[in-house]
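Observations on the three-dimensional arrangement
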Amino acid sequence: MRKINYFSGFSNEKDKTIFKLEQEYGAHHYERIDLVVRQAKGCWLTDEKGRKYLDCLAAYSAANQGHHHPTIVNAVMDALIGNYASVISNVVFTDPLGIFLSEAAKFAPQMAPRFGNHGNKVLPKNGGVESVETALKTMRYYGFKKKKIEDGKQEIIVFDGNFHGRTISIVSFSSSKKYKEGFGPLTPGFVSVEFGNLEAVKKVITPNTCGILVEPFQGEGGMRIPPEGFLKGLRKLADEYDLLLVCDEIQVGMGRTGKKFCFEHEDIVPDGVILGKALSGGLVPLSVFITSAFIMDMVFSKGSDGSTFGGYPLACVAGTAALKVFEEEKLAEQSAQKGKILKERIEAIARRSPHVKEVRGKGLFIGIEVKEGNAMEFCRKLFKLGIIVNDSHGHTIRISPPLVINEEEMDFLVEQLEKVLVG
Ligand SMILES: Cc1ncc(COP(=O)(O)O)c(C=O)c1O
């Protein structure tokens, strides 16, 4: 029978040509599976032959709203066609930026409420890692200015197994050798302690400590949820020792764990929050650091930060539309309801499976830890059955589909998990 190309995508180059082009011209910094995605829509990815794969990775939570959400796509297309999408010099104002900043500031609860009700302010960047850098600068400057720590002596507490991105300063405090080996000299000023261990945090606080940077749940670190009371305890320590507590919610924010913000699971409010990925619905790079206006104005003055593309109109238009979709479609609620059902169904599989060590998660952030520690082998089998997932920390299969996944799609996922984990 003749093969039919169901759609065209970007080019008509064959998959094997694409593999070759990357092999020859690209840095080999990712381990990829043998799939060339030609189109992405909702929860589905399509290959050259029109075969569809259920995307249960969602670009590590960047596609929470589903790929190519029409509201966000239309907003971006309007901006391109209407000639208000390109980078405009930061020396002038743009209305997409002003509007996006106000939406993002109001999206979060009052940050750092201990300083009063000043409202929030937002500093926009591109990839998530850049906003983590903004947060680090904020914590250090706060230590210098407010706590009178000698400049250069500021210390920030971070957690073993963390993942905050790959710039030199940020890999400097990674626990993973492969992220930093050979890239020295590394940036000093970070102390890493066991994730979930409050006593360990307390022990390393010194007069030079200015902040705590935490992922409320660790995504890359093995889909780990800390013991109950951990975030509350961090909040208490931060108040007691006058430290800025910053939550990196780039992966676990925006509904992923069944709440708008993951820190809500413990009913705390941090001093700053970092968002990225789904903030633009996965269409353009956009990330933000949000903190109290009191802190933002203390730390940043003219010239002390900036970015050519940070907060450019196209990203702001996408961001404003993505926030609207988030609220209108009640994505956090969808994630909580569907995640509960999906986790129960996966737990039922786990009880019959010789391979599963533990199932953990909240909302549509679900990890299946396998006994043999070889999660990627199971991910490869799932790929052959039309499911895209990957491992987290080697031992855990990460299930994090777009939050708009429907019942039928969840049935399909559960059927394939049953085949791979039970047989
Ligand atoms: C918690 C967390 N922080 C920071 C980052 C870095 O974001 P980006 O890859 O957009 O720079 C990631 C990316 O996976 C992340 O999961």
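Residues numbered from 1 in each chain as written. Predicted model: local features only at pLDDT ≥ 70, side-chain atom pairs only at ≥ 80, totals over all residues.

Examining the overall build of the protein chain
Along the backbone of the protein chain there are 14 helices and 15 strands. Its C-alpha atoms give the protein chain principal-axis dimensions of roughly 75 × 55 × 45 Å. (Helix = DSSP H or I, 4+ residues; strand = E, 2+ residues; numbered from the N terminus.)

Some words on the packing of helix α12 (residues 331-352) against helix α14 (residues 407-421)
Running from N to C, α12 and α14 point in directions that differ by 20°, and their axes come no closer than 10 Å. Considering their axes alone, α12 and α14 lie roughly parallel with respect to each other. Crossing angle aside, the handedness with which α12 passes α14 is right-handed. Of the residues in α14, those in contact with Lys338, Leu342, Arg345, Ile346 and Ile349 of α12 are Met410, Val414, Leu417, Glu418 and Leu421. Of the residues belonging to the contact of α12 with α14, the class tally is seven nonpolar, no polar and three charged. (Axes fitted to C-alpha atoms, helices over the stretch in contact; angles between N-to-C directions. Parallel < 35°, antiparallel > 145°, perpendicular 65-115°, else oblique. Left-handed = near helix turned anticlockwise from the far one by under 90°. Contact = placed C-beta atoms within 7 Å. Nonpolar A, V, L, I, M, F, W, Y, C, P; charged D, E, K, R; others polar.)

With respect to the site of the ligand
Around the ligand there are 15 residues in total, and Gly127, Gly128, Val129, Gly165 and Gln251 lie nearest to it. The element best represented in the shell around the ligand is helix α5 (residues 128-145), accounting for three residues. For the shell around the ligand, the per-class residue count stands at five nonpolar, seven polar and three charged. (Near = placed C-beta within 6 Å.)

Section: the pairing of strand β8 (residues 244-248)
Taking burial as the measure, the five residues of β8 include five buried ones, the bulk of the element. Of the two faces of β8, the one carrying Leu244, Val246 and Asp248 and the one carrying Leu245 and Cys247 are both buried. Across four bridges, strand β7 (residues 209-214) lies against β8 in parallel orientation. Paired with Leu213 across the two strands is Val246, which belongs to β8. In this region the chain leaves β7, passes through helix α9 (residues 230-241) and returns to the parallel neighbour β8; the handedness of that crossover is right-handed. Here β8 pairs with strand β9 (residues 272-275) via three bridges, running parallel. (Buried ≥ 20, exposed ≤ 12 C-beta atoms within 10 Å, placed from the backbone. Pairing = 2+ DSSP bridges. Right-handed = clockwise from strand over helix to strand, strands pointing away.)

What to know about the domain arrangement of the protein chain
According to the domain assignment, the protein chain contains domain 1 (1-13 + 38-55), domain 2 (76-328) and domain 3 (331-398 + 414-423). Between the C-alpha centres of domain 1 and domain 2 the distance comes to 36 Å. (Domains from an automatic or database assignment.)

Notes on the sheet that holds strand β11 (residues 356-362)
With antiparallel pairing, four strands are arranged side by side in an open sheet as β11-β12-β15-β14. In this open sheet, the two strands that pair with only one neighbour each are β11 and β14 (390-392). In this sheet, neighbouring strand axes are inclined to one another by 30° on average, regardless of whether the strands run parallel or antiparallel. With six bridges joining them, β11 and strand β12 (residues 365-370) adopt antiparallel strand pairing. Looking across to β12, one finds that Gly361 is bridged to Ile366. The sheet contacts of α12 involve β11 and β12, and relative to β11 the element is tilted by about 175°.

Quick notes on the sheet that holds β8
Two modes of strand pairing occur in sheets, parallel and antiparallel, and in both the strands are linked by backbone hydrogen bonds. Spatial strand order, β4-β10-β9-β8-β7-β5-β6: seven strands in an open sheet with mixed pairing. The open sheet terminates on both sides in strands that have one partner only, identified here as β4 (120-125) and β6 (190-193). Averaged over neighbouring strand pairs, the angle between their axes works out to 20° when direction is ignored. The strands that helix α4 (residues 95-107) touches are β4 and β10 (287-292); relative to β4, the one it contacts most, it runs at about 120°. Relative to the sheet, α5 contacts β4, β5 (155-159), β7, β8, β9 and β10, its axis offset from that of β10 by approximately 25°.

Here's the deal with the nonpolar core
Leu314, Val317, Ala318, Ala322 and Val389 are the most contacted members of the largest nonpolar core, which has 113 residues in total. With 10 residues, helix α11 (residues 313-328) is the largest single contributor of residues to this core. Residue contacts for Val389: discarding those within four places in its chain leaves Cys56, Leu57, Cys379, Leu382, Ile397, Arg398 and Ile399. (Core = buried A, V, L, I, M, F, W, Y, C linked by C-beta atoms within 7 Å.)

Notes on α12
Between its first and last C-alpha, α12 extends 31 Å over 22 residues, near the 32 Å set by a 1.5 Å rise per residue. Those residues of α12 lying buried are Leu331, Ala332, Gln334, Ser335, Lys338, Gly339, Leu342, Lys343, Ile346 and Ala350. Of the surrounding secondary structure, the elements contacted by the buried residues of α12 are α11, β11, β12 and α14. (Expected span 1.5 Å × (residues − 1).)

Topic: the packing of α4 against α11
For the pair α4 and α11, interaxial distance at closest approach is 9 Å and the crossing angle is 35°. In this structure, α4 crosses over α11, and the sense of that crossing is left-handed. The segment α4 lies against α11, with Pro96, Leu97, Ile99, Phe100, Glu103, Ala104 and Phe107 engaging Pro313, Cys316, Val317, Gly319, Thr320 and Leu323. Taken together, the residues of the contact of α4 with α11 sort by class into 10 nonpolar, two polar and one charged.

Describing α4
The first and last C-alpha atoms of α4 sit 18 Å apart over 13 residues, in line with the 18 Å expected at 1.5 Å per residue. Along α4, the positions that sit buried rather than exposed are Pro96, Leu97, Phe100, Leu101, Ala104 and Phe107. Seen end-on, α4 carries its buried residues on one side only, within an arc spanning 125°. Opposite the buried face of α4, by more than 90 degrees, sit the exposed residues Asp95 and Gly98. (Arc of directions from axis to C-beta.)

What about the environment of Asn374?
By secondary structure assignment, the location of Asn374 is in the loop between β12 and α13 (375-384). For Asn374, a count of 14 C-beta atoms within 10 Å puts it in the partly exposed group. Asn374 sits 20 residues away from Gly394 along the chain, and the two C-alpha atoms are 6.1 Å apart.

Some words on unusual backbone geometry
Going from Gly184 to Pro185, the amide bond is cis rather than trans, its omega being 0°. Positionally, Pro185 belongs in the loop between α7 (177-180) and β6. At Met254, a position not held by glycine, the phi torsion is positive, near 50°. Among the structural elements, Met254 can be located in the loop between β8 and β9. Backbone geometry places Lys330, a non-glycine residue, at a positive phi of 45°. On the secondary structure map, Lys330 appears in the loop between α11 and α12. Take Lys330: there are 13 C-beta atoms within 10 Å of it, and that puts it in the partly exposed class.

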